[in-house]
Every structure is written in structure tokens, then in C-alpha cells.
Amino acid sequence: MFGAAVRPDGSPSPTLARRIAFAAAAAARYVDADLFCSGAKGTHGPSEASVMAGVLAETVDPSRIHLDEASVDTLQSVVAATAFARAGKYAQCMICTDGYHQPRIKMLFAMLGMPASAIHVPHGGSRRYQLKMRTREVAAIPYDLVAGIGAIWRRKRG
């Protein structure tokens with residue numbers, strides 16, 4: 001699960017709450033799957049990952065929840081999730097994030113050679129918010145493509 005903002009009071013933002021709800025539903029459906037919560041501490045409150053884990057622990061066995069509190073961006077989260085999946089010998093990752101964010105994440109997982117499929121998370125927010133987020137993603141894809149190539153190159157060099 002990919003993080004989003006935490007409110008000043010430490011509660012999840014609407015975006016993060018939506019992602020948590022869909023991850024909880026997926027956890028109920030896939031009872032043998034582990035949940036990987038990724039997101040460092042942002043401007044407010046505790047880390048995004050710990051906020052996700054705290055809410056998920058209300059309905060999901062905490063032993064299934066794993067935290068990545070170091071990743072500060074999407075590429076770092078995908079790299080960390082890929083390492084977690086490979087260490088656990090998982091065949092694939094399931095992406096839990098908003099639809100506008102999924103193409104970039106799928107691209108990064110593919111670049112790292114990790115099969116990934118998306119959990120459908122409907123778009124939330126106003127039309128203006130959706131346009132803003134899609135525009136941000138359009139700009140982020142070329143950036144992460146180049147950054148992802150750099151990450152692969154560094155990993156191959158050891």
C-alpha cells in the first residue's frame with residue numbers, strides 16, 4: 001500500500017483513508033497475503049506507514065502488516081516493496097493506491113522485474129483534484145522513468 005498525507009492530528013488524510021479501506025478489503029479477500037505499508041514521516045504526525053498499520057490492525061492480524069517507514073517517494077516505495085516481495089518469495093505485488101497513481105507504479109515494478117497487479121481503488125475528490133493529480137502523474141512518469149533506470153543501473157553495479 002502506498003502512502004499519502006497524514007493530517008496534523010496524526011489521522012489519515014481522505015486519500016490515505018481511502019487506500020487503507022481498500023487494503024483492508026483486499027486483506028479480507030486474500031487472507032494469506034501480507035500487507036506492506038510504505039511511507040515515511042511527512043510534514044505532520046507519525047509516518048504514513050505507521051498510520052496505515054494502526055488503522056489496519058483494527059481488522060487485520062498485525063503479524064500480516066509490514067512497515068517501510070523510510071521511503072519518501074514512489075520510486076523508493078516500489079524498490080522497498082520489490083525487495084520485501086523477493087525476500088518473501090512472493091510471485092507478485094498487488095498495488096493499493098489511487099487509479100491515477102497506478103500506471104506509474106506498474107511501470108516502476110515492471111522496470112524492476114516484479115510482476116504487479118492493481119487493486120481497483122476508485123478516484124476520490126473533486127474533478128479539480130482529479131485533474132491536478134493526473135497532471136502531476138503525467139509530469140512524474142518521465143522523471144521516475146529516468147530515476148528508475150538509474151536505480152536499476154546502481155543495483156547492477158553492486
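Values in this document were obtained by computation on a predicted structure and should not be read as measured data.

S.K.: It is not clear to me how the nonpolar core should be interpreted in this structure. Could you clarify?
M.R.: Among soluble globular proteins, nonpolar side chains are generally buried collectively. Counting 20 residues, the largest nonpolar core has Met1, Leu16, Cys37, Met52 and Leu56 as its most contacted members. Looking at this core, the elements that each hand over two or more residues are α1 (14-29), β1 (35-38) and α2 (48-56). Residues in contact with Cys37, not counting those within four places in the same chain, are Met1, Ala49, Met52, Ala53, Leu56, Ile65, His66, Leu67 and Asp68. Counting 16 residues, the second-largest nonpolar core is a separate cluster that includes Val78, Ala81, Ala85 and Met114.

S.K.: Is there a simple way to think about the side chain of Thr15 in this case?
M.R.: For Thr15, the position within the fold is in helix α1. On the accessibility criterion, Thr15 (12% relative accessible area) is buried. At 3.1 Å, the side chain of Thr15 forms a polar contact with the side chain of Tyr129. With residues up to four places along the chain from it excluded, the contact list for Thr15 reads Ala4, Asp98, Tyr100 and Tyr129.

S.K.: What is the right way to read the packing of helix α4 (residues 102-111) against helix α5 (residues 127-157) from this model?
M.R.: Two packed helices can be described by the angle between their axes and the distance between those axes. Packing of α4 against α5 leaves a shortest axis separation of 10 Å and a crossing angle of 10 degrees. One way to sum up the angle between α4 and α5 is to call them roughly parallel. Within the contact between the two elements, α4 uses Arg104, Met107, Leu108 and Met111 and α5 uses Arg136, Glu137, Ala140, Ile141, Asp144, Leu145, Gly148, Ile149 and Ile152. Of the residues that constitute the contact of α4 with α5, the class distribution is 8 nonpolar, 1 polar and 4 charged.

S.K.: Can you help me understand the side chain of Gln102 in this one?
M.R.: Along the chain, Gln102 turns up in helix α4. The buried category is assigned to Gln102, whose relative accessible area is 10%. In terms of polar contacts, Gln102 uses its side chain to reach the backbone carbonyl oxygen of Thr97, at 2.9 Å.

S.K.: When you look at the UniProt feature "domain: DUF218" (unreviewed entry) in the protein in this model, what are you seeing that I'm missing?
M.R.: Per the UniProt record, "domain: DUF218" (unreviewed entry) is found at residues 6-123. Span residues 6-123 is 42% helix and 12% strand, its end C-alpha atoms 18 Å apart.

S.K.: What's the story with the pattern of salt bridges in this structure? I'm lost.
M.R.: Opposite charge on two side chains permits pairing when their charged atoms draw close. Taken as a whole and assessed by the stated rule, the structure comprises 5 salt bridges. Asp98 is the partner of Arg18 in a salt bridge, and the nearest nitrogen-oxygen pair spans 2.7 Å. Pair noted here: Arg18 is in helix α1 and Asp98 is in the loop between β3 (93-95) and α4, with a separation of 80 residues, a long-range link. When sorted by exposure, Arg18 lands in the same class as Asp98, which is buried. Salt-bridge contacts for Arg19 lead to Asp98; the nearest nitrogen and oxygen are separated by 2.7 Å. Here the residue Arg19 occupies a position in helix α1, and Asp98 occupies one in the loop between β3 and α4, the gap between them amounting to 79 residues. In this structure, Arg19 and Asp98 share a single accessibility class: buried. When salt bridges that share partners are traced, they join Arg104, Arg136, Glu137 and Asp144 into one network.

S.K.: Please explain the pairing of β1 as it appears in this structure.
M.R.: A regular strand carries its side chains on alternate faces of the sheet. Residues of β1 alternate between two faces, with Leu35 and Cys37 on one and Phe36 and Ser38 on the opposite face, all of them buried. Examined bridge by bridge, β1 and strand β2 (residues 65-68) share 4 bridges and lie parallel to one another. Bridge pairing in β2 places Phe36 opposite His66. Once you follow β1 into α2 and on to β2, the crossover reads as right-handed.

Thresholds applied
Note that residues are indexed from 1 along each chain, following the sequence as it is written. Local features are withheld for residues below a pLDDT of 70 in this predicted model, meaning they are given only at 70 or higher, and side-chain atom pairs are given and counted only at 80 or more; totals for whole chains, interfaces and linings count all residues. For side-chain calculations, the full set of non-hydrogen atoms in the structure is used, while hydrogens and water are omitted. Nine residue types can take part in a nonpolar core, namely buried Ala, Val, Leu, Ile, Met, Phe, Trp, Tyr and Cys, and a core is a set of them joined through side-chain atoms within 4.5 Å. Buried means the residue's accessible area, taken with a 1.4 Å probe over protein chains only, is under 20% of the maximum for its type, while exposed means over 50%, and partly exposed covers the values in between. In DSSP terms, a helix is any run of H or I states spanning at least four residues, a strand is any run of E spanning at least two, and both are numbered starting from the N terminus. Contacts are residue-level and defined by heavy atoms, with any inter-residue pair within 4.5 Å sufficient. Each polar contact in these results corresponds to two N or O atoms within 3.5 Å; when the atoms are within protein, one needs to be able to donate a hydrogen and the other to accept it, and residues that are neighboring in sequence are counted only if both atoms are side-chain atoms. For helices, the fitted axis covers only the stretch in contact; all axes are lines through C-alpha atoms, and the angles between them, taken along N-to-C directions, range from 0 to 180 degrees. Throughout, the term roughly parallel applies to angles under 35 degrees, roughly antiparallel to angles over 145, roughly perpendicular to angles from 65 to 115, and oblique to all others. Polarity classes work like this: nonpolar for Ala, Val, Leu, Ile, Met, Phe, Trp, Tyr, Cys and Pro, charged for Asp, Glu, Lys and Arg, and polar for all others, with Gly in that last group. UniProt positions are given in the numbering used here, feature names are shortened, and annotations may be inferred rather than shown by experiment. For this analysis, a salt bridge means a side-chain nitrogen from Lys or Arg found within 4 Å of a carboxyl oxygen belonging to Asp or Glu. When DSSP finds two or more bridges between a pair of strands, those strands are recorded as paired. Orient the strands so they point away from the viewer; a crossover is then right-handed if the path from the first strand over the helix to the second runs clockwise.

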